[in-house]
Amino acid sequence: MENNLPPSAADQSSSAAALLADVDKDRSALIDRMTTPSWAAPAFGALAAICVVSPAAGDNRSGNSALLIIVGILVVYLYQRATGVRLARIGWAAWLIYAATLVFCLLMLSVSLGLVSFGLLWWVIAPAAAAFGAGALGAHYFMRSAVNRIRSAR
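Residues numbered from 1 in each chain as written. Predicted model: local features only at pLDDT ≥ 70, side-chain atom pairs only at ≥ 80, totals over all residues. Heavy atoms only, no water.

What follows deals with the packing of helix H2 (residues 40-53) against helix H5 (residues 125-152). Closest axis-to-axis distance for the H2/H5 pair is 7 Å, and the angle between their directions is 145 degrees. Taken as a pair, H2 and H5 cross one another with a handedness that is right-handed. Contacts between H2 and H5 involve Ala40, Ala41, Pro42, Phe44, Gly45, Ala46, Ala48, Ala49, Val52 and Val53 from the first element and Pro127, Ala128, Ala131, Phe132, Gly135, Ala136, Ala139, His140 and Met143 from the second. Looking at side-chain class alone, the contact of H2 with H5 contains 16 nonpolar, three polar and no charged residues. (Axes fitted to C-alpha atoms, helices over the stretch in contact; angles between N-to-C directions. Helix = DSSP H or I, 4+ residues; strand = E, 2+ residues; numbered from the N terminus. Left-handed = near helix turned anticlockwise from the far one by under 90°. Contact = heavy atoms within 4.5 Å. Nonpolar A, V, L, I, M, F, W, Y, C, P; charged D, E, K, R; others polar.)

With that settled, the discussion passes to the state of the cysteines. Enumeration according to the criterion identifies zero disulfides in this entry. Cys51 takes part in no disulfide bond, and the closest cysteine sulfur to it belongs to Cys105, at a distance of 7.6 Å. In this structure Cys51 comes out as partly exposed when scored by relative accessible area, which is 30%. With relative accessibility at 12%, the residue Cys105 sits in the buried group. (Disulfide = S-S within 2.5 Å. Buried < 20%, exposed > 50% of the residue type's maximum accessible area, 1.4 Å probe, protein only.)

Tracing the sequence through the fold places Ser54 in the loop between H2 and helix H3 (61-83). By relative accessible area, Ser54 is classed as buried at 12%. Here Cys51 takes part through its backbone oxygen, which lies 2.8 Å from a polar atom of the side chain of Ser54. (Polar contact = N/O pair within 3.5 Å; in protein donor to acceptor, adjacent residues only side chain to side chain.)

So, about H2. With 14 residues, H2 extends 20 Å between its outermost C-alpha atoms, agreeing within 8% with the 20 Å of an ideal straight helix rising 1.5 Å per residue. The complete set of buried residues in H2 reads Ala40, Ala41, Ala43, Gly45, Leu47, Ala48, Ala49 and Val52. (Expected span 1.5 Å × (residues − 1).)

To continue, consider the packing of aromatic side chains. Using the criterion set out here, one finds three aromatic pairs in the structure. A ring pair is formed by Trp95 and Tyr98, whose centres lie 5.7 Å apart and whose planes are at 85 degrees; its orientation type is edge-to-face. A residue pair is termed a helical-turn pair when its members lie 3 or 4 positions apart in one helix, as Trp95 and Tyr98 do in helix H4 (residues 92-117) at three residues. Take Trp95: its relative accessible area is 37%, and that puts it in the partly exposed class. When the ring of Trp95 is compared with that of Phe142, the centres are 5.4 Å apart and the planes differ by 75 degrees; the resulting orientation is edge-to-face. Of the two residues, Trp95 is situated in helix H4 and Phe142 in helix H5; the sequence distance between them amounts to 47 residues. Take Phe142: its relative accessible area is 11%, and that puts it in the buried class. Each member of the aromatic cluster is reached from another via a ring pair, and the members are Trp95, Tyr98 and Phe142. (Phe/Tyr/Trp six-rings, centres within 6.5 Å; stacked < 30°, edge-to-face > 60°.)

A word on the environment of Ala139. Among the structural elements, Ala139 can be located in helix H5. The sequence separation of Ala139 and Gly45 amounts to 94 residues, and the corresponding C-alpha distance is 7.8 Å. Setting aside chain neighbours within four positions, we find Ala139 in contact with Ala41 and Phe44.

Moving on, we come to the environment of His140. If you trace the backbone, His140 turns up in helix H5. As a C-alpha pair, His140 and Thr36 span 104 residues in sequence and 8.4 Å in three-dimensional space.

As a further point, take the nonpolar core. It is characteristic of soluble globular proteins that their nonpolar side chains tend to be buried jointly. Ala40, Ala41, Tyr79, Ile90, Ala94, Ala139, Phe142, Met143 and Ala146 form the largest nonpolar core, which has nine residues in total. Take this core: its biggest share by element is four residues, from H5. The next biggest cluster of nonpolar side chains, apart from the first, holds seven residues, and it includes Ala48, Val52, Met108 and Ala128. (Core = buried A, V, L, I, M, F, W, Y, C linked by side-chain atoms within 4.5 Å.)

Dropping the structure here:
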């Protein structure tokens, strides 16, 4: 039968080129769709600031931590739903940015705990503001790194 004939070499190369062009077109469409929602970076910054300021709020730290974890998971879920991109395989650079942001926010939490132990509750605003900035910038660069990873993937 004529449908069972093996394709010629010219057909295979043009077919492969067409498939690669389709993959590049899909990648471009994905990158266009990956525009970061304007609320994402400030939301992560706010979560970091609330985590840092929580020691000044009182003794129920375990309840605050559980609530922050739940809200953080919700923000990640909403980000993935808005962009259509899962954050599982976005490269080592993005995870390095995440780790640096996390370490800085933990340092600001330590400073906040120290300020609370000295009774300087109003001074907790300074490390909370720094944590907000670090969380927002870290989230921004994390997402930018993810887009660059997808853009340069071959």
